[in-house]
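Coordinate inspection notes
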Amino acid sequence: MRRGKLLFLMFSIATCLLVLLAGRLAWAAEKGEELTLEKVLALSAKENPILLAADSRVRQAEGRLVQVESEARPQLYGTLGYQWLDEMPQTNAYLPDGTVGIVPLGYKDTAQAALNLTQVIFTGGSLSAKTEASKLLLATARSERDRAYQSVENGIRRSFFSLQRSVSRLDVAREALSLSKEHLRQVESFYKAGVVAQNEVLRVQVAVSSSELNRIRAESAVEISWKTLERLAGHPLKEHFSVRAGDVDLENFPVPEDPVSLAMERRPELKGLETAGKAALATERAVRGQVYPQVGLNAQVSLTDDHFFPSEEDHWSIGIVAKLRLVDSGKVHGQALEAKAAAEELLNRLEDLKRQVSLEVATARVNLEASVQSVKVASDAVARAEEDYRMALKRYQAQVGTNIDVLDARLALTDARNSLTDAVAEARTAYGDLLFAMGDLRVLEKKEATR
């Protein structure tokens, strides 16, 4: 009997554990996996159309380089043709005995198979300079891709922190609504007891309505923040993930001693403009190389017959062709001037960009320092506002304070909490802007490591 009771007890405990586990799993499935900044960045590297387009531009530059390099290598073509004539080509020939003979000049139906080989021998340095320019332009395309990755990463950072801020403000709005309703219940009980007048009840009811409107606006802001983040990530997120409200414990933000010098070394745009300028100078050399003789080799071997596949007569030829530009009315000179001016333009743009980078880094660093200080001030303000609201509520419950004091204290508390939420999000955003200004490449490095 005891054994049966023991088995029944163990079965009951196991059933309860299964029910609790099933409930927890159902809650987790309903909420979805928690979304983190790292996960959004990983998804964007695979789905973001801007990044996919940047990768495509790099592959285009790689294709152009292959085309240019192929011009210096042998080109072999095969041809196969068939020709029909209304009559066999022939001519008259006078023989020594005075008679006239017929000499055939080909076939009435002619089939020919041939192989043609061409090889560049000398271009005056034009082809090698053109190849160098294509390699530099490929490096420029890769630099542009790197900056596109950084831009998307920074945009995702800003959007993710904005979403966390929206969720935090929604929590604040819900808490404010809950406090308003609780206060309304107290005022209504006082009114029923004849302690307060009806106007105090109406005033708190208005405050509850205002809190409800703030909650609705906060929910709309969360929805918009989700859409913005999904736009940058290139992937639907809300239906698969949940986001936790941003915490107010600000992390440390490591900043190098000389962020400007680091930015000068790492910013892809600087490298891109520098390589683009070198490519323009290489293009100028390629253009000027056209004034030298262009020498090439041509070779052909063919088979001719009156049926497929031809095998009757074979012919071959080898030739070297040299082409020299004598008069072009200034065309090459104009192209060279254009390429040189393009190089000078890129050099000037590079100097201007260096100044712009210095300004961006300095601005981002100042914003970060100001944001961190704002978080400290906002944290103190929340602590004071919470104490002020507690005291105002206690005084009102003891009927030694006014209803207006409670309403004002709760409004100040809500504003202080929102200000702290905004300050934390702004500090994290400011640090992301500083990383962006310094040319942070973490997302690109992670993608390259996974290839």
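Residues numbered from 1 in each chain as written. Predicted model: local features only at pLDDT ≥ 70, side-chain atom pairs only at ≥ 80, totals over all residues. Heavy atoms only, no water.

A few words now on the overall build of the chain. Counting secondary structure elements, the chain contains 10 helices and eight strands. The proportion of buried residues among the 451 residues of the chain is 36%. Restricting the contact set of the chain to residue pairs at least 6 apart, pairs at least 24 apart contribute 82%. (Helix = DSSP H or I, 4+ residues; strand = E, 2+ residues; numbered from the N terminus. Buried < 20%, exposed > 50% of the residue type's maximum accessible area, 1.4 Å probe, protein only. Contact = heavy atoms within 4.5 Å.)

Direction vectors running N to C along helix α2 (residues 37-47) and helix α5 (residues 198-233) enclose 50°, while the axes themselves pass 8 Å from each other. Here α5 runs oblique to α2, going by the angle between their axes. For the pair formed by α2 and α5, the contact residues are V40, L43, S44 and E47 on the first element and L229, L232 and A233 on the second. Across the contact of α2 with α5, the residue classes tally to five nonpolar, one polar and one charged. (Axes fitted to C-alpha atoms, helices over the stretch in contact; angles between N-to-C directions. Parallel < 35°, antiparallel > 145°, perpendicular 65-115°, else oblique. Nonpolar A, V, L, I, M, F, W, Y, C, P; charged D, E, K, R; others polar.)

Here we take up the side chain of T131. One can find T131 in helix α4 (residues 126-192). What makes T131 buried here is its relative accessible area of 13%. In this structure T131 touches L65, V68 and E69, once residues within four positions along its chain are discounted.

The next point concerns the pattern of salt bridges. All chains considered together, the criterion is met by 26 salt bridges. Across the pair E284 and R288 runs a salt bridge whose closest N-O atoms are separated by 3.4 Å. Separated by four residues within a single helix, E284 and R288 lie in helix α7 (residues 268-288), roughly one turn from each other. Judged by its relative accessible area of 12%, E284 is buried. Residues E351 and K354 are paired through a salt bridge, measuring 3.8 Å at the closest nitrogen-oxygen approach. With a gap of three residues between them, E351 and K354 both fall in helix α8 (residues 331-397), about one helical turn apart. Salt bridges sharing common partners tie together R147, R267, E269 and E360. (Salt bridge = Lys/Arg side-chain N within 4 Å of Asp/Glu carboxyl O.)

Moving on, we get to the confidence of the model for the chain. On average, residues of the chain score 84 in pLDDT, and 86% of them are at 70 or above. Overall, residues 16-31 carries pLDDT values under 50, and its contacts beyond four positions in sequence, including any with other chains, amount to two contacts. (pLDDT = per-residue confidence, 0-100.)

What follows covers the packing of aromatic side chains. Under the criterion given, the structure shown has four aromatic pairs. A centroid spacing of 6.1 Å and a plane angle of 65° characterise the contact between F160 and F161, whose relative ring orientation is edge-to-face. One Lys or Arg, R147, reaches over the ring of F436 and ends 3.8 Å from the middle of that ring. (Phe/Tyr/Trp six-rings, centres within 6.5 Å; stacked < 30°, edge-to-face > 60°. Lys NZ or Arg CZ within 6 Å of the ring centre and 35° of its normal.)

Among all residues save glycine, negative phi is the norm, and among peptide bonds the norm is trans. Unusually for a residue other than glycine, S329 sits at a positive phi of about 60°. Non-glycine residue Q399 carries a positive phi angle of around 60°. Inspection of the secondary structure puts Q399 in the loop between α8 and α9 (403-438). Classification of Q399 as partly exposed rests on a relative accessible area of 37%.

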